[in-house]
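Here is what each chain is made of, one letter per residue.
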Amino acid sequence: MHVPLLDLKKQYEPLREQVRAKLDEIASSQHFILGPEVEGFEREICEYAGVGYAIGVSSGTDAELAILMGLGIGEGDVVITTPYTFFATAGGIARVGARIVFVDIEPDTFNMSVAGLREALERHGNVKAVMPVHLFGLSCRMDEIRALAAEHGVTVIEDAAQALGAEYPGAGGGMGEFGFYSFFPSKNLGAFGDAGMVVCKDGEMAEKIRRLRNHGMEERYYHHVVGGNFRIDALQAAILRIKLPHLGAWSAMRRANAASYREEFERTGLGGNVALPVEPFATGAVNHHIYNQYVIRAERRDELLKHLAGAGIGHAVYYPVPLHLQECFGGLGYKEGDFPEAERAARETVALPVFPELTREQIGAVVGEVARFYEGCG
Ligand SMILES: *Cc1c(COP(=O)(O)O)cnc(C)c1O
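Bear in mind that the values here come from a model prediction, so they are computed numbers and not experimental data. (Residues numbered from 1 in each chain as written. Predicted model: local features only at pLDDT ≥ 70, side-chain atom pairs only at ≥ 80, totals over all residues. Heavy atoms only, no water.)

A. Spatial organisation of the overall build of the chain. When its secondary structure is counted, the chain shows 12 helices and 10 strands. Relative to its length of 378 residues, the chain is compact, with a C-alpha radius of gyration of 21 Å against a globular reference of 21 Å. Sorting the 378 residues of the chain into buried and exposed places 55% on the buried side. In the chain, the proportion of contacts linking residues at least 24 apart, taken out of those at least 6 apart, comes to 72%. By element, 51% of the accessible surface of the chain is carried by carbon and sulfur atoms, the whole surface being about 16,100 Å². If the 36 positive side-chain charges of the chain are averaged to one point and the 50 negative ones to another, these points end up 2 Å apart. (Helix = DSSP H or I, 4+ residues; strand = E, 2+ residues; numbered from the N terminus. Rg over C-alpha atoms; globule rule 2.2 N^0.38 Å. Buried < 20%, exposed > 50% of the residue type's maximum accessible area, 1.4 Å probe, protein only. Contact = heavy atoms within 4.5 Å. Areas by Shrake-Rupley, 256 points an atom, 1.4 Å probe, with all protein chains shown as cover. Lys, Arg positive; Asp, Glu negative; His and termini not counted. Charge placed at Lys NZ, Arg CZ, Asp CG, Glu CD.)

Here it is in structure tokens:
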């Protein structure tokens, strides 16, 4: 059976008429950038994410950049993050001229190691921010990270590009001081192109970031600071507003798929060959993991990839080269062996299909192929 990694057409089908009517309405209005659709979407994200302020922007990447610029982070400052994430997390820090300090990940959650963060905060001066990433849709240990950051007077910026709706039990549920989302089409809430969102708790910072989004301009053609064009299109906001009411159900379907995978994998007795995603804070929050990706650790990973490709099972490797080993970050002086868990995750993990519309039968087919591969290995 052919199983795609992601099938966005399945999601679009039931929304088609509503989306097309909205596209037509916006085409008739000829109002394409910012405006009432964006303001409406920002209000709805505030509610969904439990935050005070939301600023719609052109991408997750630009959301991060706008936050760093808003905080005045730059030359001489240090920002701590993880080397096992999408490039943009670290790319934004480099673009404002700050120094990236990586800390290793936890082997079970793939998220930033709290012990590593503590050590980095003690070792480095000039740390202005820490940027944990809720990787694959699993919330980081936010109470511990926030406590450490507060102790050192450091701002926390949450990269929630893969985690809109993920909850951390006990830390008030929603987002902290600063966070950002991505609506890249393959994210759990996907636009019809690029889009992103900044969220924050402080009204003054929200105003500052709102100005930065539009070239630092308040009154037209009067520029208080140098910003950028980080504006979001009305079309994207309007489409995302149609999708947002479904996100809770889609997350529940992703979680149900993860539960089905667990059952199927347990039935096959592959425990020694694969390690399934963990849900470390199983109590106190429903959506502690929203499975933006379903990532397993697999023995003989590269051979398994070939087998899956041959069997028509969609899969992906997030991320094959940890960021401390990327050529463009060579100047930071890191080397192989510096972050063994990130390097091991890069070698051992594979993402399997988990999109909401995936059927039980398809999940059975995916697990069946994984099982067939290990049986073949003897
Ligand atoms: C997707 C992603 C981003 C960047 O978002 P874009 O909208 O693609 O710019 C940043 N961080 C992480 C972890 C991501 O997955």
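B. Broad picture of the pattern of salt bridges. Under the defined criterion, the tally for this structure stands at 26 salt bridges. In this structure, glutamate 25 engages lysine 22 in a salt bridge whose closest nitrogen and oxygen atoms are separated by 3.3 Å. Residue glutamate 25 and its partner lysine 22 are both found in helix 2 (residues 16-29); the two are separated by three residues, about one turn of the helix. Measuring nitrogen to oxygen at the nearest pair gives 2.8 Å for the salt bridge that ties arginine 301 to aspartate 302. On the basis of relative accessibility, which here comes to 9%, the residue arginine 301 falls in the buried class. (Salt bridge = Lys/Arg side-chain N within 4 Å of Asp/Glu carboxyl O.)

C. Fine view of the packing of aromatic side chains. Scanning the entire structure with this criterion turns up 19 aromatic pairs. Centre to centre, the rings of tyrosine 261 and phenylalanine 265 are 6.1 Å apart; their planes meet at 20°, and the pair counts as stacked. Of this pair, tyrosine 261 and phenylalanine 265 both sit in helix 9 (residues 234-268), four residues apart, which is roughly one turn of the helix. Counting every residue linked through ring pairs, the aromatic cluster contains Tyr84, Phe86, Phe110, Phe136, Tyr318 and Tyr319. (Phe/Tyr/Trp six-rings, centres within 6.5 Å; stacked < 30°, edge-to-face > 60°.)

D. Highlighting the site of the ligand. The environment of the ligand is made up of 14 residues, and the closest members are Gly60, Thr61, Asp159, Ser182 and Lys187. The separation between an oxygen atom of the ligand and a polar main-chain atom of glycine 60 is 2.8 Å. Here an oxygen atom of the ligand sits 2.5 Å away from a polar atom, N or O, in the side chain of threonine 61. Notes on the ligand: free accessible area 380 Å², of which the protein chains cover 93%. Elements with a contribution of two residues or more to the shell around the ligand: helix 4 (60-70) and helix 5 (87-95). Of the residues contributing to the shell around the ligand, the split by class is five nonpolar, seven polar and two charged. (Near = heavy atom within 4 Å. Polar contact = N/O pair within 3.5 Å; in protein donor to acceptor, adjacent residues only side chain to side chain. Nonpolar A, V, L, I, M, F, W, Y, C, P; charged D, E, K, R; others polar.)

E. How the structure looks around the sheet that holds strand 9 (residues 294-298). Ordered by their spatial adjacency, three strands build an open sheet running 8-9-10, and the pairing between neighbours is antiparallel. Of all the strands in the sheet, just strand 8 (274-275) and strand 10 (349-352) have a single pairing partner and so form its edges. (Pairing = 2+ DSSP bridges.)

F. Broad picture of the side chain of glutamate 357. Relative to the helices and strands, glutamate 357 resides in the loop between strand 10 and helix 12 (360-377). Arginine 254 provides the closest opposite charge to the buried, salt-bridge-free glutamate 357, at an N-O distance of 6.8 Å.

G. View of the environment of alanine 345. With respect to the secondary-structure elements, alanine 345 resides in helix 11 (residues 340-348). Residue alanine 345 is classed as buried on the basis of its relative accessible area, which comes to 0%. Taking the C-alpha atoms as reference points, alanine 345 and tyrosine 84, 261 residues apart in sequence, are found 8.0 Å from one another. The residues touching alanine 345, leaving out its near neighbours within four places in the chain, are Tyr84, Ile105, Phe110 and Arg297.

H. Summary view of the pairing of strand 10. Burial along strand 10 is two-sided: the residues Thr349 and Ala351 and Val350 and Leu352 are all buried. For strand 9 and strand 10, the ladder comprises four bridges, and the chain directions are antiparallel. Along strand 10, the bridge assignment pairs arginine 297 with threonine 349.

I. How the structure looks around the environment of glycine 312. Within the element layout of this structure, glycine 312 appears in the loop between helix 10 (301-311) and helix 11. Sequence spacing of glycine 312 and valine 79 is 233 residues, and the spatial spacing of their C-alpha atoms is 41 Å. Leaving out residues up to four positions away in the same chain, glycine 312 has contacts with Met1, His2 and Val3.

J. Representation of the domain arrangement of the chain in the model. Domain boundaries in the chain define domain 1 (8-245) and domain 2 (247-377). On a C-alpha basis, the centroid separation for the pair domain 1 and domain 2 is 24 Å. Taken together, the contact between domain 1 and domain 2 spans 44 residues of the former and 39 residues of the latter. Taking both partners together, domain 1 and domain 2 bury about 3,600 Å²; carbon and sulfur atoms supply 65% of that area. (Domains from an automatic or database assignment. Buried area = accessible area lost by both parts, 1.4 Å probe.)

K. Just the pairing of strand 7 (residues 196-200), in detail. Of all five residues in strand 7, five are buried, a share of seventy percent or more. Across five bridges, strand 1 (residues 53-57) lies against strand 7 in antiparallel orientation. Within the sheet, the bridge partner assigned to isoleucine 55 lies in strand 7 and is valine 198. Here strand 6 (residues 178-182) runs beside strand 7; their pairing, made up of five bridges, is antiparallel. Following the sheet pairing, phenylalanine 180 is matched in strand 7 by valine 198.

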